[in-house]
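Structural description and commentary
Listed below are the residues making up each chain.
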Amino acid sequence: MESKIKGFMDLVKQRNQYEPEFLQAVEEVAETVIPYIANQEIYSGKNILLRMVEPERVMMFRVPWVDDSGEIIVNRGYRIQMNSAIGPYKGGLRFHPTVNLSILKFLAFEQVFKNALTTLPMGGGKGGSDFDPKGKSDDEIMRFCHAFMSELSRHIGHNTDVPAGDIGVGGREIGFLFGMYKKLRNEFTGVLTGKGMSWGGSLIRPEATGYGTVYFAQNMLETKGDTLKGKTVAVSGSGNVAQYACEKATQLGAKVVTLSDSSGYIFDADGIDVDKLAYVMEIKNERRDRISEYVKKYPKAKFFRGERPWSVKCDVAMPCATQNEINGDEAQSLLSNGCFVVSEGANMPSTPDAAHAFQKARILYAPGKASNAGGVATSGLEMSQNSLRINWTRDEVDEKLKKIMSDIHDSCIKFGKQDDGYIDYVTGANIAGFVKVADAMLAQGVV
Ligand code: NDP
Ligand code: 2IT
């Protein structure tokens, strides 16, 4: 089996040698799915995984725009249309200076499995730009979004490819993107998700990724007869996912003691309650400032510049910032401090060393493609509401989100439960996602 996996990875490496994040995401899937395929006659000789690692289509384009000083800036735009076997391409747009082909291909690849897990009919895609929204005026953000959409609009559509937000893309950016799409195509459709409530958005979509990550942690704890009540939680990030993970964990009786951003992390031993979270939202969403501002208002809290929050004592860790934000040493530090639940809000936040450490320690460890699927699932619910031209209530959407997270948890058990009762959520999520997409690909033939 080892040599089968190595043979497969050698081929993928040869073709994608300058794409470390993509290779990392593929290797994690190959390690778990190839042993499964070997025992399933129907997949024999079909090279399904080899077809899945090759995007159906990649768009790369110039995005020229004019900044406030009149200078012409050139950014690079991308859309990866990875797999459409079970539905239109679906996945977010990331605006961050680190964006490149490797990062977007890893995200698009994971999205295919994640979207399959949601039980909704969505294929996988991802896109974005190396544009850095930090320090830009609202007018500059608008001009960039309009320029980006002037090209992207040729490649997407409500039945073809439906983008949404990710790092650096929230409600403000989705508004500008939607406006330009509508103007160019002269049609009002659900071509993007994460829209504003008065123009086709869904209640709970802003909250959904963070809430879903917490619901998934609850589902995992239930397998041990436990709950989040009274648990100490370390959250990283302070953006969309982190904020609502913090809110829901607190509502369910946990104490969230950390949040972070690219400048460092804050530790508040008393817990980040509703009022403090409202202040975090003001700092990050309105003032677009650094998380260190928190300690000016709450001086009992501490700010650790340039550090990540994984050395604190906690029961539960929810990494909600970015990829590879927990390394092997940090995973060991979490484990030795008693952490026994890791529910990933970000995509691939654990390095392979960290993920293997969590699995070896047999803690409750959920990979992002399972535990953060609530965001895209609720995007799927937004698409359904747009097609039906109706709006569900907050409670209706929240109930559907809970049910989807619980169904994803069940799928992980189905394919990941071992003889001794340990649930390997990584294996479970990868195989469950693979089976759904692979069966659709088999039915559709070689296309
Ligand atoms: P936001 O842009 O709202 O927030 C991102 C947060 O992560 C910010 O606090 C940011 O800090 C921090 N961050 C970003 N990059 C780095 C870095 N290289 N090092 C340290 N901190 C960093 O994004 P989201 O909350 O939407 O996304 C967070 C994660 O969740 C990503 O991995 C994303 O792919 C994933 N995700 C998002 C979903 C969604 O619906 N939005 C759905 C599923 C997953 P700063 O403010 O300093 O930049
Ligand atoms: O990584 C993700 O799942 C997202 N950024 C959300 C994608 C979506 O289409 O809602």
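Before reading further, recall that the structure is shown in the block above.
Read on for an overview of the structure.

Rules and cut-offs
Residues numbered from 1 in each chain as written. Chains lettered and ligands numbered in written order. Predicted model: local features only at pLDDT ≥ 70, side-chain atom pairs only at ≥ 80, totals over all residues. Heavy atoms only, no water. Near = heavy atom within 4 Å. Polar contact = N/O pair within 3.5 Å; in protein donor to acceptor, adjacent residues only side chain to side chain. Areas by Shrake-Rupley, 256 points an atom, 1.4 Å probe, with all protein chains shown as cover. Helix = DSSP H or I, 4+ residues; strand = E, 2+ residues; numbered from the N terminus. Salt bridge = Lys/Arg side-chain N within 4 Å of Asp/Glu carboxyl O. Buried < 20%, exposed > 50% of the residue type's maximum accessible area, 1.4 Å probe, protein only. Nonpolar A, V, L, I, M, F, W, Y, C, P; charged D, E, K, R; others polar. Phe/Tyr/Trp six-rings, centres within 6.5 Å; stacked < 30°, edge-to-face > 60°. Lys NZ or Arg CZ within 6 Å of the ring centre and 35° of its normal.

**Examining the site of ligand 1**
Not every one of the 25 residues close to ligand 1 is listed here, only the nearest: Lys134, Asp166, Thr209, Ser262 and Asn347. Within the side chain of Thr209, a nitrogen or oxygen atom sits 2.8 Å from an oxygen atom of ligand 1. Ser262 places a polar side-chain atom, nitrogen or oxygen, 2.4 Å from an oxygen atom of ligand 1. A total of 890 Å² of accessible area belongs to ligand 1 in isolation, and the protein chains cover 82% of it. When residues of the shell around ligand 1 are traced back to their parent elements, those giving at least two are α7 (205-222), α8 (240-251) and β7 (255-261).

**Points about the pattern of salt bridges**
Within this structure, the stated rule accounts for 25 salt bridges. For the salt bridge of Asp68 with Arg143, the shortest nitrogen-to-oxygen distance reads 2.6 Å. Within this pair, whereas Asp68 is found in the loop between β1 (57-66) and β2 (72-83), its partner Arg143 is found in helix α5 (residues 138-152), the two being separated by 75 residues in sequence. Owing to a relative accessible area of 47%, Asp68 belongs among the partly exposed residues under this scheme.

**Let's talk about the site of ligand 2**
Among the 14 residues in the neighbourhood of ligand 2, the closest are listed as Lys90, Lys114, Lys126, Asp166 and Ser379. In the environment of ligand 2, an oxygen atom lies 3.0 Å from a nitrogen or oxygen atom belonging to the side chain of Gln111. Here Lys114 contributes a side-chain N or O atom positioned 2.7 Å from an oxygen atom of ligand 2. Isolated, ligand 2 exposes 300 Å² of accessible area, and the fraction of that covered by the protein chains is 94%. Elements with a contribution of two residues or more to the shell around ligand 2: β3 (89-95), α4 (101-117) and α14 (374-388). In terms of residue class, the shell around ligand 2 is built from two nonpolar, seven polar and five charged.

**Notes on the packing of aromatic side chains**
Counting across every chain of the model gives 21 aromatic pairs. When the ring of Phe95 is compared with that of Phe131, the centres are 6.0 Å apart and the planes differ by 90°; the resulting orientation is edge-to-face. A residue pair is termed long-range when its members are at least 10 positions apart, and Phe95 in strand β3 and Phe131 in the loop between β4 (124-129) and α5 qualify at 36 residues. The class of Phe131 is buried, set by a relative accessible area of 1%. Judged by centre distance (5.0 Å) and plane angle (45°), the rings of Tyr294 and Tyr298 are tilted. Of the residues examined, Tyr294 reaches a relative accessible area of 0% and is grouped as buried. Pairwise contacts between aromatic rings join Phe61, Trp65, Phe95, Phe131, Phe144 and Phe148 into one cluster. Of note, Lys105 hangs over the ring of Phe22, and the distance from its end group to the ring centre comes to 4.4 Å. Across the ring face of Tyr279, the terminal group of Lys297 is positioned such that the distance to the ring centre comes to 4.6 Å.

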